[in-house]
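If you want the building blocks of each chain, they are given just below.
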Amino acid sequence: MKKKTIIRRVLTMIALGLLLSMTIIASKTFVGAAYTPDMSNGADNFYKSNEVTMKKVEFKNQYNMNVAGNLFIPKGLKKNTKNPAIIVGHPMGAVKEQSANLYATKMAERGFVTLSLDLSFWGESEGQPRNAVSPDIYAEDFSAAVDFLGTRPFVDRDRIGVLGVCGSGSFAISAAKIDPRMKAIATVSMYDMGAANRNGLKHSQTLEQRKKILEEAAEQRYVEFTGGKTKYTSGTVHELNENSTAIEREFYDFYRTPRGEFTPKGTSPELTTHPTLTSNVKFMNFYPFEDIETISPRPMLFITGENAHSREFSEDAYKLAAEPKELYIVPGAGHVDLYDRVNLIPFDKLESFFKENLKKK
């Protein structure tokens, strides 16, 4: 075989190899790009309104930490009068730009002064290390939000309500038990973050599994105390495969796609939604529904989806709470559906609940 022929064949094989590699890369890229988030039922997490003015605010909690929030004021609000207000808390592991701003905007359109906040250690709020879990401080942030709103000249401090989405539902309840200034409490797709971490969904986690998590977290404290790398846990997966569960897919569709993905300044998409392992075990000592009946006679509204994997928590809270209380089931809705699907979220129900229970006495 002539030398030129051999060289030609070698070059052809190289070219075919490069083409195959490019095809594989293109195929992988296409598969990744092919994922389209489910935007049905009016999904609109980043909704903005021409009827509302939004202003970034900061205030201190009792631990002298800056808590960041967005204050929403209906245009045309009479600032020389005292108006009802609602504090809105974001899902656990999220930030105010995910779900909380949407609820705050929609409720402001309906005449309320609203305040969405970043819980301490998350988003634009202070707290080190980032993504740390501290249920007591989370609850304190809600009380600090009452401090802030109750000192605004256009807010009636006797007509402040709270609305917690997902994990913030349990933090709002924890705060309301010891802060009677919160006059009406509503939760949406609530997670009892204590029970979820102790027992898993539908009590699927054994005591042995719980102890294993505690042992891993305890050993990790040594690693981090001696300068080792911080370890994170749970949160939303970063990719899907054939083995991904329905719940993983549900959260991925919101947190890892343009539907709801948001990375606060100064952090990384790799860390969003993930709490630190060593602090996450603090949820094991968190019992938000203990003494929930003492919130009465202040009213409570528990909203959950008919098909929500978290429905058990709203039902448990409703069972334990004293009157007045209401459990409102949204037909056909799942857990994350109520984060942003405006055609499913019962804003009319929330409006009537807060208007009735935050009206002038």
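Residues numbered from 1 in each chain as written. Predicted model: local features only at pLDDT ≥ 70, side-chain atom pairs only at ≥ 80, totals over all residues. Heavy atoms only, no water.

Notes on the pairing of strand 4 (residues 113–117)
Okay, so step 1: The buried fraction of strand 4 is high, at five of five residues.
Okay, so step 2: Residues of strand 4 alternate between two faces, with Val113, Leu115 and Leu117 on one and Thr114 and Ser116 on the opposite face, all of them buried.
Okay, so step 3: Two elements, strand 3 (residues 83–89) and strand 4, share five bridges in a ladder whose sense is parallel. Bridging from a neighbouring strand, Ile87 pairs with Leu115 of strand 4.
Okay, so step 4: Viewed along the sheet, the connection from strand 3 through helix 2 (residues 100–109) into strand 4 turns out right-handed. (Buried < 20%, exposed > 50% of the residue type's maximum accessible area, 1.4 Å probe, protein only. Helix = DSSP H or I, 4+ residues; strand = E, 2+ residues; numbered from the N terminus. Pairing = 2+ DSSP bridges. Right-handed = clockwise from strand over helix to strand, strands pointing away.)

Comments concerning the nonpolar core
Okay, so step 1: Core analysis: the largest hydrophobic core is formed by 89 residues, its most contacted members being Tyr103, Phe142, Leu149, Leu350 and Phe354.
Okay, so step 2: In terms of residue count, helix 3 (residues 135–150) provides more of this core than any other element does, nine residues in total. (Core = buried A, V, L, I, M, F, W, Y, C linked by side-chain atoms within 4.5 Å.)

Section: the packing of aromatic side chains
Okay, so step 1: Counted according to the given criterion, the structure contains 14 aromatic pairs.
Okay, so step 2: A ring pair is formed by Phe171 and Phe286, whose centres lie 5.8 Å apart and whose planes are at 40 degrees; its orientation type is tilted. Linking Phe171 in helix 4 (residues 167–178) with Phe286 in the loop between helix 8 (277–280) and strand 7 (300–305), this pair joins segments that are 115 residues apart in sequence.
Okay, so step 3: Residue classification places Phe171 among the buried residues on the basis of a relative accessible area of 0%.
Okay, so step 4: Ring plane angle 40 degrees and centroid distance 5.3 Å describe the contact between Tyr191 and Phe313, whose orientation is recorded as tilted. (Phe/Tyr/Trp six-rings, centres within 6.5 Å; stacked < 30°, edge-to-face > 60°.)

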